[in-house]
Amino acid sequence: MWKTNGKIGFDDRALTVLLIPVMAIVIPFVFFGMRINRAPQMNGYIYLNVFIMATVIWLGNRAIMIWARTRYPQFSEVRKRLWIQSLAMFVYTIIANNVLGYVLDVCGLKEHMNMYQFDPYAVIVSSNSAALFCTLTVVAIYESIYFMNELRQSVEEKEMLKRESLNAQLNALKTQVNPHFLFNNLNTLCSLIPEDPDTAVVFVQQLSKVYRHILEVQDEKSIPLKDELDVMKAYAFLLRTRFSDNLDITVDVAPEKLDKHVVPLSLQILMENAIKHNIVSSDKPLKVQVSAPDGKLVVTNNLQKKNQVNTSTGLGLDNIRNRCRLLGNGQVEVTEHEGNFTVSIPLLDY
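Rules used in this analysis
In this convention, every chain numbers its residues from 1, walking through the sequence in written order. For a predicted model such as this one, the threshold for reporting local features is a pLDDT of at least 70, and the threshold for listing and counting side-chain atom pairs is 80 or more; totals across whole chains, interfaces and linings nevertheless cover every residue. The side-chain figures draw on all heavy atoms in the structure; neither hydrogens nor water molecules are used. Helix and strand definitions follow DSSP, with helices as H or I runs of at least four residues and strands as E runs of at least two, each counted in order from the N terminus. Each residue is assigned to one of three classes by its accessible area relative to the maximum for its type, calculated with a 1.4 Å probe on protein chains only: buried under 20%, partly exposed between the two thresholds, exposed over 50%. Contact criterion: two residues are considered in contact whenever any of their non-hydrogen atoms come within 4.5 Å of each other. Per-residue and other accessible areas were derived by the Shrake-Rupley procedure at a 1.4 Å probe size, with only the shown protein chains allowed to occlude residues. When two rings of Phe, Tyr or Trp (its six-membered ring) have centres within 6.5 Å they constitute a pair, described as stacked for plane angles under 30 degrees, edge-to-face for angles over 60, and tilted for the intermediate range. Working rule for helices: expected span equals 1.5 Å times residues minus one. Strand pairing is defined by DSSP finding a minimum of two bridges between the two strands. Here an angle of 0 to 180 degrees is reported between the N-to-C directions of two axes, which are lines fitted to C-alpha atoms, with helices fitted over the stretch in contact.

## Points about the overall build of the protein
Across its full length, the protein holds nine helices and seven strands. Here the protein, with 350 residues, has 39% of them falling under the buried criterion. Partitioning the intrachain contacts of the protein with sequence separation of at least 6 by distance along the chain shows that 73% fall at a separation of at least 24. On the protein, roughly 19900 Å² of surface is accessible, and the fraction owed to carbon and sulfur atoms is 58%.

## Quick word on the packing of aromatic side chains
With the rule as written, the count across this model stands at four aromatic pairs. Arranged with centres 6.1 Å apart and planes meeting at 25°, the rings of Y47 and F51 form a pair that is stacked. Remark: F51 and Y47 occur in helix α2 (residues 44-71); sequence separation between them is four residues, near one turn of the helix. For F51, a relative accessible area of 29% translates into the label partly exposed.

## Looking at unusual backbone geometry
You will see that S244, though not glycine, has its phi angle at about 60°, which is positive. Positionally, S244 belongs in the loop between α7 (225-243) and β2 (247-252). A relative accessible area of 44% means that S244 is categorised as partly exposed. Even without glycine at this site, D294 takes up a positive phi of about 55°.

## Re helix α8 (residues 266-277)
The end-to-end C-alpha distance of α8 is 17 Å, a good match for the 16 Å that twelve residues give at a rise of 1.5 Å each. Every buried residue belonging to α8 is among S266, L267, Q268, I269, L270, M271, A274 and I275, and all of these are buried.

## Regarding the sheet that holds strand β4 (residues 286-291)
Reading across from one edge, β2-β4-β5-β7-β6 is the order of the five strands in this open sheet, with mixed pairing throughout. With one partner strand each, in any of the chains shown, β2 and β6 (333-337) form the two edges of the open sheet. Strand-to-strand twist of the sheet, defined as the mean angle between neighbouring strand axes without regard to direction, takes the value 15°. Packing against the sheet, α8 makes contact with β2, β4, β5 (296-302) and β7 (340-346), and its axis sits at approximately 160° to β4.

Okay, here's the thing in structure tokens:
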């Protein structure tokens, strides 16, 4: 049963069924000089021979293409894939065509084809030329459709990434300007001004830094980890000022990891999720840890879920997942284990 492989990129059954019979008609006239009403005259045996050759060449080269695209799937490997694929297809075509010609000769099929009236050398040259023509036809059709599909998919993913980035910025901005956030921070600021004016000034500066960061990264697909950590510290300052010792945030990231990249606003979204879904009190302090082991940015908090909380939409995590997926560098992992909630985000090289 014919199965369309995902590496082909389209359902090629109709194309195969249509073109192989057509090529079996065209090749004898083009490469062997066959005629309809005069010698050398086209006949059913010639058609059958060329049909068998075209089928073997077509399906064999199709299989080689599937193997090459499976072996070298990345876009950066296209040049290497095409070189190796072309060499494999050339070798296969010449060997398959000549072996097939020998088998047909042994079976005596050529006796019914009037092939012996031609120069044997000319028959070999014409046969190999026809086989290579069949191979080039396969390559031209499949590769052109393949690259058109890749281009379309690339454009669609770029548009999706743009939408996801805009949604992330919008969600982060909504989070920061919603009445609860402003109310809580203004209350904190009001209590700081008479008691500790210096800290109040710093509080306003850090709040401004958070907003400024949202505006600055609005067109970025990824940003350096050191920049994301820097604004996260500003955001953490606001939270610690509000919750005091009830919130413990620790950052343990090696200096050599700071030049890696991460999707913008990811840490801010994860911090907001931790505060939103967990109890933060003197009896149950919330502990959040940020680290970067094994090429990942890991955020862990102890689980102490609120008894009453609005149903989570999961949009924050889904947004981070989609942006990481579209950048093509790993997946976001979410786990609950031994009373801890952990989110791992892939660190990017760009």
